[in-house]
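Per-entry structural report
Residue-level listing of the chains:
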Amino acid sequence: MDVIPKWADAILIPLISIILAFIISALVILAIGEDPINALQLMVQGTFGNSAGIGFMLFYATNFIFTGLAVAIAFHARLFNIGGEGQAMLGGLGVAFVCLAVPWPHWTIALPFALIGGALFGAGWALIPAWLQAKRGSHIVITTIMFNFIASALLVYLLVEVLKPAGSMDPATPRFPEGAHLPRMSDILGAVGIPFSDAAPVNVSFFIALLACYLFWLLVWRTRLGYEIRAYGQSESAARYAGISPTKIILIAMVISGALAGCMAINNVMAAERLVLNSVEGAGFIGIAVALMGRSHPVGVLLASLLFGFLVQGGAEIDFWTNIPRELIVVVQALVILFTGALDNMVRVPLAKVFLMFRKREA
Amino acid sequence: MSDGATTGGAASVAPAIELKGISKAFGPVQANKDISIRVMPGTIHGIIGENGAGKSTLMSILYGFYKADAGDIFISGNRTEIPDSQAAIAAGIGMVFQHFKLVENFTVLENVVLGAEDGARLTPSLAKARQLLTELAEEYQLNVDPDATIEELSVGYQQRVEILKALYRKADILILDEPTGVLTPSEADHLFRILKGLRDEGKTIILITHKLREIMDVTDTVSVMRRGEMTATVKTSETNPSELAEMMVGRKVLLRVDKEPAQPKGNVLEVENLSVVDEDGVQRLKNISLNVRAGEIVGIAGVAGNGQSELLEVLGGYRSATGRILLNGEEIDLTGARSDGQTRRARGIAHVPEDRHKEGLILDFFAWENMVFGYHHAPEFQKNPRFMSNAAIKADCEAKMERFDVRPPIPSLAAKNFSGGNQQKIVLAREIERDPDLLLVGQPTRGVDIGAIEFIHQQIVALRDKGKAILLVSVELDEILSLADRIAVMFDGQIMGERLASETNEQELGLLMAGVTQGAA
């Protein structure tokens, strides 16, 4: 039997990791002469104190859900997709093309096509490293990282040279047509009589992200494809024995991964109503932390995305109201990533000992 | 502590090793329970027990890898703490592991000296080691070329290097963990001669094994372990294999397989000129031809690593090869799109792979997920074209677990939480219950307890009696001899010869396994 029960593995370990990360962050804040309690209060107040704060948190979380799921599906096939950032950039390009190509009559028609556009572009960008891995043995970590840089350069070129409206000084596409504007949370909740701030960009994409979580779960734990992906991820030699083609699994898992990352663009690009430079803002990388923390399970990914949404929004508040530099928020995020991802065993091993002690006492 | 010396006083000499009340638990698992044992100097002491009986744990405690929860160790009558392997070496204990710990591209001499160099300069210790090696070679037939690199040596010689390493460190007590698992019968005999020579020189040897025959052949005293406890210690001359087996398992066991003579019919599998070149360009199979008929078990004997694994992989559909394979007279695709494992299964080839941990099971998957592994495309397990029917799979798993007496019969338990025997039963249930025309079986009882071995052998024979063809690969010659109807011996990727099981014996097969053909022998 496993030493650590499932509930502790899923909840207790991440929780302890987060608390440790917060404690160390507090020490850092103390060291630069600021008040950590005050900082935490600001973060909580600035996020949960009003509906705009919640709106921003959910907006960021929506991005992280997509990229987190993208990394998670690759994890299930034991592939480390670090290219979420680049795939999301390309997804943005796909969404922009779709939105600009047609004078969309209504967002309900535009959204499915935008999703397909973003997914196709993201998937295409992930397919190249996947093919290199499956057929040529080029390590996917290296190639996906490199593809982030290529994506970034490609986007700069296209925005500056091709997509920018003539005469504009701003490297961005023109605004998308009215019919491609997504309803915001304030519109949706307003329709049922719940007041919600219209300052926050959170929009209908959040519900698409929740739907993606459910579909992810279905795919991984209910379909034959998911079964094969997990089997390959657990043991390549066993997968070969069972007649599961590694090439096929690598390609499919990475295509799904890239598509999920690309889908993020309906939130950060379509809702922004134009494609700008650096629209992804590191969400691809935070997706890695989210997937690690969420144990590659959609519920975990959802919760971790909310946490990181809170960190980003709370961080903006600290930056606004205190002398704590903005970089410190990056430090806090880095610590959370460090503790939940890299230093997992630091919490796991002592915890296992504690559980063993209790077991023995019972026995 | 002074009582150590007095304990030994009862006999005329103090025991070389005495363990008193050793206990060790891993979490809820009690690996060793209050174990006491006395190993007299100048004897070969066998420790026998099933997998998981706690033999290796006990030896790891003695060698300082684990710390016992309770109990004391006495070396030559003196209470000794062994916190790490350095302390064990200092106390005169040497260990030869099942998996050798040698640096492949170092010479014998360098390996012997490694970790026991005197000072920063290597030359004096190498000279000293060379001197010692010459002496040992004469004394115990332990001759190994000191300047050969390890990778040039056969497995038997590599094992001698391990023994030399221990002797170079002045070991008086030598522990060997399953030493014959990788040896041909003649290499094993040679090893036993070496061990007897060492004993006659006054060394103490502890031999850990699960093979009853070795215990009977070479040991003076034997201790039996079962479920973490030491159940008995007897003089080897005063016991017999069936009594030992009963003590190991706790009930009477059938050591021979009960089976009628085979009634073979037409060819199910025909292999013609099969050759395999692996990724490194090494030819693993060299023009193999063989056939398996319906209603017979063909055993492939041979020392591990002579191409048996590759043969199974080719037949199972996950290694490409050249040549021809016919199943029921129809050719099988060896390289094209239909050369995969799924197609093989669909055509009636089932496969119990050699390594159930690496291939046969996904250890983190539930038992029910493993029970369809490889057959997860089968129509009865689908809800619709894309979704699997977990309910149907679980129900099917429950039924198979009951028929194969898998314990505990819980489909939602992860495969890693079953014992070796029960894991193997899961794989066997999955493959046999598909009612295949041809069953490939690799090492069906490796790491399986005696009780389960009996059951597994019965199932394989039952499938044969249903008129199915079975190709059995095993490195356990006893298993091949008792289970197979016809035996082919593999050496260096070739089939050295075929014998009827009823008309051959261990000596003859042993020679073939070592690559000696009739002409030379």
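One structure accompanies this document, and this report is about it. Because the structure is a prediction, the values reported are computed rather than measured.

**As for the overall build of chain A**
Counting its regular elements, chain A contains 16 helices and zero strands. For chain A, the C-alpha radius of gyration of 21 Å lies close to 21 Å, the compact-globule estimate for 363 residues. Projected onto the principal axes, the alpha-carbon positions of chain A cover approximately 75 × 60 × 40 Å. A buried classification covers 53% of the 363 residues belonging to chain A. Counting only carbon and sulfur atoms, one obtains 69% of the accessible surface of chain A, whose full area is about 15,900 Å². Separation of charge centres in chain A, based on 20 positive and 19 negative side chains, amounts to 16 Å.

**Description of the nonpolar core**
Within the largest apolar cluster, 163 residues are counted, with the highest numbers of intra-cluster contacts made by Met270 and Phe308 of chain A together with Phe373 and Ile487 of chain B. Of the residues forming this core, the biggest block, 13 residues, is contributed by helix 3 (residues 51-76) of chain A. Apart from residues lying up to four places away in sequence, phenylalanine 373 of chain B is in contact with Tyr227, Ala231, Ala238, Ala239, Tyr241, Ala242 and Ile244 of chain A together with Glu359, Gly360, Ile362 and Arg430 of chain B. Core analysis: the next-biggest nonpolar cluster, separate from the first, contains 36 residues, Val108, Leu109, Leu167 and Leu191 of chain B among them.

**Remarks on the interface of chain B and chain A**
Of the residues lining the interface, 34 residues belong to chain B; the matching set on chain A comes to 25 residues. Taking both sides of the interface into account, the surface hidden between chain B and chain A amounts to around 2,500 Å²; carbon and sulfur atoms contribute 57%. Of all residues in chain B, the largest losses of buried area upon contact with chain A belong to Phe365, Phe387 and Met388 of chain B, amounting jointly to 19% of the total for that side. At the junction of chain B and chain A, the tally comes to one salt bridge. The salt bridge involving arginine 230 of chain A is made with glutamate 369 of chain B; its shortest N-O contact spans 2.9 Å. Here chain B and chain A share 18 residue pairs in polar contact (both at pLDDT 80 or more) between them. Taken together, the elements giving at least two residues each to the side of chain B that touches chain A come down to helix 11 (341-346), helix 12 (356-360) and helix 15 (420-432) of chain B. The residue makeup of the side of chain B that touches chain A, split by class, is 13 nonpolar, eleven polar and ten charged.

**Overview of a nonpolar patch on the surface**
Residues and elements named next belong to chain A. Together, Trp7, Ile11, Leu15, Ile19, Ile23, Ile24, Leu27 and Leu30 line one region of the surface with nonpolar side chains, adding up to about 790 Å² of accessible area. Mapped onto the elements of the fold, isoleucine 11 is located in helix 1 (residues 6-31). Owing to a relative accessible area of 54%, isoleucine 11 belongs among the exposed residues under this scheme.

**Let's talk about the sheet that holds strand 5 (residues 78-79) of chain B**
Residue and element names in this part refer to chain B. Taken in spatial order, the four strands of this open sheet run 2-1-4-5, and their pairing is antiparallel. Every interior strand has two partners, whereas the edge strands, strand 2 (29-39) and strand 5, have only one. Where helix 2 (residues 55-62) meets the sheet, its contacts fall on strand 1 (17-26), strand 2 and strand 4 (70-75), and the angle it forms with strand 1 comes to roughly 115°.

**Some words on the side chain of lysine 400 of chain B**
Residue and element names in this part refer to chain B. In this fold, lysine 400 is placed in helix 14 (residues 390-403). On the basis of relative accessibility, which here comes to 5%, the residue lysine 400 falls in the buried class. Each residue touching lysine 400, except ones within four places of it in the same chain, is listed here: Met371, Ala429 and Glu433.

**Focus on helix 5 (residues 123-140) of chain B**
Residue and element names in this part refer to chain B. The end-to-end C-alpha distance of helix 5 is 26 Å, a good match for the 26 Å that 18 residues give at a rise of 1.5 Å each. The elements touched by buried residues of helix 5 are helix 4 (108-113), helix 6 (155-168) and helix 7 (185-200). Where helix 5 terminates, the next one or two residues include glutamine 141, which has phi positive at roughly 60°.

**Here's the deal with helix 6 (residues 140-163) of chain A**
Every buried residue of helix 6 of chain A is accounted for by Ile140, Val141, Thr143, Thr144, Phe147, Asn148, Ala151, Leu155, Leu158, Leu159 and Leu163 of chain A. Looking at the packing, one finds that the buried side of helix 6 of chain A touches helix 4 (84-101), helix 5 (107-136), helix 11 (246-263) and helix 13 (283-293) of chain A.

**So, the pattern of salt bridges**
All names here are of chain B. Taken as a whole and assessed by the stated rule, the structure comprises 45 salt bridges over all chains. For arginine 319, the salt bridge identified is with glutamate 313, shortest N-O distance 2.6 Å. Comparing arginine 319 with glutamate 313 shows no difference in burial state: the two are buried. Here the residues in one salt-bridge network are Arg213, Asp217, Asp478 and Glu506, joined through shared partners.

**Things to note about the environment of serine 186 of chain A**
Residues and elements named next belong to chain A. Considering the arrangement of structural elements, one finds serine 186 in helix 7 (residues 185-191). Assessed through its relative accessible area of 12%, serine 186 is described here as buried. Linking serine 186 and valine 202, residues 16 residues apart in sequence, is a C-alpha distance of 8.4 Å. Apart from residues no more than four positions distant in its own chain, serine 186 is found in contact with Phe196, Ser197 and Asp198.

**A closer look at the pairing of strand 6 (residues 93-96) of chain B**
Residue and element names in this part refer to chain B. Burial along strand 6 is two-sided: the face carrying Ile93 and Met95 and the face carrying Gly94 and Val96 are both buried. Here four bridges tie strand 6 to strand 7 (residues 173-177), and the two strands are oriented parallel to one another. Counted as the bridge partner of isoleucine 93 is isoleucine 173 from strand 7.

Cut-off values and rules
Residue numbers here run from 1 along each chain, matching the order of that chain's written sequence. Going through the entries in the order they are written, you letter the chains from A and number the ligands from 1. Local features in this predicted model are restricted to residues of pLDDT 70 or higher, and side-chain atom pairs are both shown and tallied only at a pLDDT of 80 or more, whereas totals for entire chains, interfaces and linings draw on every residue. The side-chain quantities take in all heavy atoms of the structure and omit both hydrogens and water. By the criteria applied, helices consist of DSSP H or I runs no shorter than four residues and strands consist of E runs no shorter than two, each listed in order from the N terminus. Each radius of gyration is computed over the set of C-alpha atoms, and the globule rule expresses the reference value as 2.2 Å times the number of residues to the power 0.38. Burial classification: accessible surface area is computed with a 1.4 Å probe over protein chains only, and a residue below 20% of its type maximum counts as buried, one above 50% as exposed, and the rest as partly exposed. Under the convention used here, a 1.4 Å probe and the Shrake-Rupley method define accessible areas, while residue burial counts only the protein chains that appear. Residues scored as charged are limited to Lys and Arg (positive) and Asp and Glu (negative), so that His and the chain ends carry no count. We put the charge of a Lys on NZ, of an Arg on CZ, of an Asp on CG and of a Glu on CD. In plain words, nonpolar cores are sets of buried Ala, Val, Leu, Ile, Met, Phe, Trp, Tyr and Cys residues tied together by side-chain atoms within 4.5 Å. A contact between two residues is defined here by any heavy atoms of the two lying within 4.5 Å. For any pair of parts, buried area is found by adding up, for both, the accessible area (1.4 Å probe) each one loses once the two are put together. Here a salt bridge means any side-chain nitrogen of Lys or Arg lying within 4 Å of a carboxyl oxygen belonging to Asp or Glu. Counting of polar contacts relies on pairs of N or O atoms within 3.5 Å, with two restrictions inside protein: one atom must be capable of donating a hydrogen and the other of accepting it, and residues adjacent in sequence are counted only when both atoms are side-chain atoms. In this classification, the charged set is Asp, Glu, Lys and Arg, the nonpolar set is Ala, Val, Leu, Ile, Met, Phe, Trp, Tyr, Cys and Pro, and all remaining amino acids, among them Gly, are polar. Here the term patch refers to residues with relative accessible area over 30% and no salt bridge, with like charges joined within 9 Å and nonpolar side chains (Val, Leu, Ile, Met, Phe, Trp, Tyr) within 5 Å. Here, a strand pair is defined by DSSP locating no fewer than two bridges between the strands. Angles here are taken between N-to-C directions and fall from 0 to 180 degrees, while the axes themselves are lines fitted to C-alpha atoms, restricted in helices to the stretch in contact. The span one expects for a helix is its residue count, reduced by one, times 1.5 Å.

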